[in-house]
Amino acid sequence: MARVFNFSAGPAVLPEPVLTRAAEEMLDWHGSGMSVMEMSHRGKEFIAIHAQAEADLRELLAIPGNYKVLFLQGGAAAQFAIVPMNLLRGKKAADYVHTGYWSKKAITEARRYCQVNIAASAEDARFTYAPKQDKWKLDQGAAYVHITSNETIDGVEFHWIPDTGRVPLVADASSHILSRPLDVSRFGLIYAGAQKNIGPAGLTIVIVREDLTGEAAPYTPSVFDYKVQAEADSMINTPPTYAVYVAGLVFQWLKSLGGLARMEEINIAKARLVYDYLDQTEFYHSPVAKEDRSRMNIPFRLRSGELDSEFLKQAASQGLTQLKGHRAVGGMRASIYNAMPVEGVKALVDFMREFERTHG
Ligand SMILES: *Cc1c(COP(=O)(O)O)cnc(C)c1O
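Keep in mind that what you see is a predicted model, and the values were worked out from it rather than measured. (Residues numbered from 1 in each chain as written. Predicted model: local features only at pLDDT ≥ 70, side-chain atom pairs only at ≥ 80, totals over all residues. Heavy atoms only, no water.)

K.L.:
Can you walk me through the domain arrangement of the protein in this structure?
P.N.:
Often the size quoted for an interface is simply the accessible area lost on bringing the parts together. As far as domains go, the protein holds domain 1 (17–257) and domain 2 (259–359). Centre-to-centre separation of domain 1 and domain 2, based on C-alpha positions: 27 Å. The interface is formed by 27 residues belonging to domain 1 together with 26 residues belonging to domain 2. For the pair domain 1 and domain 2, the summed buried surface comes to about 2,300 Å²; carbon and sulfur atoms form 55% of the total. At the surface where domain 1 touches domain 2, the tally comes to one salt bridge. (Domains from an automatic or database assignment. Contact = heavy atoms within 4.5 Å. Buried area = accessible area lost by both parts, 1.4 Å probe. Salt bridge = Lys/Arg side-chain N within 4 Å of Asp/Glu carboxyl O.)

K.L.:
Would you mind showing me how to read the pattern of salt bridges here?
P.N.:
Side chains that differ in charge, positive against negative, can pair when their charged atoms come close. Taken as a whole and assessed by the stated rule, the structure comprises 19 salt bridges. In this structure, Lys68 engages Glu210 in a salt bridge whose closest nitrogen and oxygen atoms are separated by 3.8 Å. Highlighted residues: Lys68 in strand β2 (residues 67–72) and Glu210 in the loop between β10 (204–209) and α5 (226–231), separated in sequence by 142 residues. Classification of Lys68 as partly exposed rests on a relative accessible area of 28%. Across the salt bridge formed by Arg293 and Asp279, the nearest N and O atoms sit 3.0 Å from each other. Pair noted here: Arg293 is in the loop between β11 (284–285) and β12 (297–302) and Asp279 is in helix α7 (residues 259–279), with a separation of 14 residues, a long-range link. (Helix = DSSP H or I, 4+ residues; strand = E, 2+ residues; numbered from the N terminus. Buried < 20%, exposed > 50% of the residue type's maximum accessible area, 1.4 Å probe, protein only.)

K.L.:
Honestly, the sheet that holds strand β5 (residues 145–148) in this entry has me stumped. Any pointers?
P.N.:
Hydrogen bonds between backbone groups are what pair the strands of a sheet, and the pairing can be parallel or antiparallel. What the seven strands build is an open sheet, ordered β2-β10-β9-β8-β5-β3-β4; its pairing is mixed. The open sheet has two free edges, formed respectively by β2 and β4 (115–121), since each of these has just one partner strand. Across the sheet, the mean angle separating the axes of adjacent strands is 20 degrees when strand polarity is ignored. Examined bridge by bridge, strand β9 (residues 189–193) and β10 share five bridges and lie antiparallel to one another. (Pairing = 2+ DSSP bridges. Axes fitted to C-alpha atoms, helices over the stretch in contact; angles between N-to-C directions.)

K.L.:
When you look at the packing of helix α3 (residues 75–87) against helix α4 (residues 101–110) in this model, what are you seeing that I'm missing?
P.N.:
Following both chains from N to C, one finds α3 and α4 inclined at 45 degrees, their axes separated by 8 Å at the closest point. In terms of axis orientation, α3 runs oblique to α4. In the packing of α3 onto α4, the handedness of the crossing is right-handed. Contact with α3, carried on its side by Phe80, Ala81 and Pro84, involves Trp102, Lys105, Ala106, Glu109 and Ala110 of α4 and no other residues of that element. Residue composition of the contact of α3 with α4, by class: six nonpolar, no polar and two charged. (Parallel < 35°, antiparallel > 145°, perpendicular 65-115°, else oblique. Left-handed = near helix turned anticlockwise from the far one by under 90°. Nonpolar A, V, L, I, M, F, W, Y, C, P; charged D, E, K, R; others polar.)

K.L.:
How do you make sense of the side chain of Asp172 when you look at a structure like this?
P.N.:
By the element assignment, Asp172 lies in strand β8 (residues 169–172). Separated by 2.7 Å, the side chains of Asp172 and Ser174 make a polar contact. Not counting residues up to four positions away in its chain, the partners in contact with Asp172 are Ala76, Phe80, His146, Ile147, Thr148, Ser149, Asn150 and Tyr191. (Polar contact = N/O pair within 3.5 Å; in protein donor to acceptor, adjacent residues only side chain to side chain.)

K.L.:
Even after reading the chapter, I still don't get the site of the ligand, so can you show me in this structure?
P.N.:
Around the ligand, 13 residues are found, and the nearest of them are Ala77, Thr152, Asp172, Gln195 and Lys196. Measuring from an oxygen atom of the ligand, one finds a backbone N or O atom of Ala77 at 2.8 Å. Within the complex, the protein chains bury 86% of what would otherwise be the 390 Å² of accessible surface of the ligand. Tallying contributions element by element places α3 first for the shell around the ligand, with four residues. (Near = heavy atom within 4 Å. Areas by Shrake-Rupley, 256 points an atom, 1.4 Å probe, with all protein chains shown as cover.)

K.L.:
I'm lost on the sheet that holds β12 in this one. Help?
P.N.:
Pairing in this open sheet of three strands is antiparallel, and the strands run β11-β12-β14 from one edge to the other. Of all strands in the sheet, those bounded by a partner on one side alone are β11 and β14 (332–335). Sheet analysis places β11 next to β12, joined by two bridges and oriented antiparallel. Along β12, the bridge assignment pairs Tyr284 with Leu302. Packed onto the sheet, α7 meets β11 and β12 and runs at close to 20 degrees relative to β12.

K.L.:
Please explain the nonpolar core as it appears in this structure.
P.N.:
As a rule of thumb, nonpolar side chains are buried together in soluble globular proteins. Counting residues in each nonpolar core, the largest one holds 56 residues, and the members touching the most others are Leu57, Leu61, Leu178, Ile198, Ile207, Tyr245 and Phe251. Top contributing element to this core by residue count: helix α6 (residues 241–257), with 11 residues. When we break this core down by domain, the ones giving at least three residues each are domain 1 (17–257) and domain 2 (259–359). For Ile207, the residues in contact, after removing those within four places along its chain, are Leu61, Ile63, Tyr67, Lys68, Val69, Val184, Gly188, Leu189 and Ile190. (Core = buried A, V, L, I, M, F, W, Y, C linked by side-chain atoms within 4.5 Å.)

K.L.:
Explain the environment of Gly10 here, please?
P.N.:
Following the sequence through the fold, Gly10 ends up in the loop between β1 (5–6) and α1 (16–24). Each C-alpha atom of the pair Gly10 and Arg180 lies 19 Å from the other, and the pair is 170 residues apart in sequence. Other than its neighbours up to four places away in sequence, Gly10 contacts Gln195 and Lys196.

Structure (structure tokens):
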């Protein structure tokens, strides 16, 4: 068996111990005589799996007691609509910070439900930075302020938490949740699709301050009403059971590593390996402002785009896959989520150095 180093932006690499454990438990989970996929979501086995996953996530992120944790479906893209449905609470407008491809999607969808005020935008520099808070124009009457705290395609990450006063801060943290400790109490709501840094596709995690729930617009589907789902432990209908189980194994893996503070140290070290190299060569180029560079998604360009396909071909032949940048920005992108081992990052940098030596 030959596993590659998979730099996909998502669905993405999972920790090998998690995959091995899932494989071991595939036919018979803990003496139940069945796989988790085959269990009733109302049975005691799955209820225990679900409760443990939530407890471990709460521990990892130190989620305060007045926040609900929801395990939903629909992906982060569904939250682009579900957030305004739930959080407008009679108000007419919301503030959005426009930082790239995913914030644009969130803004476009929110416009179907409310007036969107662009509080700040990085479009003037092709989304290569996170606008500083002193440049933001916040509306005190806004229902909430929305940020995309890590732009997966543009490679821009907020390394600070904005202060939005009494207006709740909402973050799409899909591609960097669990990569570092986070002060959840500074947010009204955090959401993330699982397939970047948590687990399999099909699960969407929402962490929401309880007092913001209970006033969903009347047209909100019940499965997307935070209050209804919170009261039913995210089980008003069948949850994505297998995805919840694998996410739970990932949470246990993170705890066994030493939690998110340790994970952050590792992520800083991995990202530094790539950026330090990018910064000392003329052959490659990182477009993102240094202080806003993502630790998870690293877009870069070869000085000569004519070498792109050769670069990708040779990388793949050495087991370094999915390095092609998103079609919206071109170039290359290395996604180095929690589960990417440091050996994979070292192999990438070694390959890039060798490719420069032979083609520079
Ligand atoms: C991938 C991604 C999405 C979309 O996620 P889906 O689960 O496909 O809906 C939204 N926001 C960010 C930041 C992402 O990285």
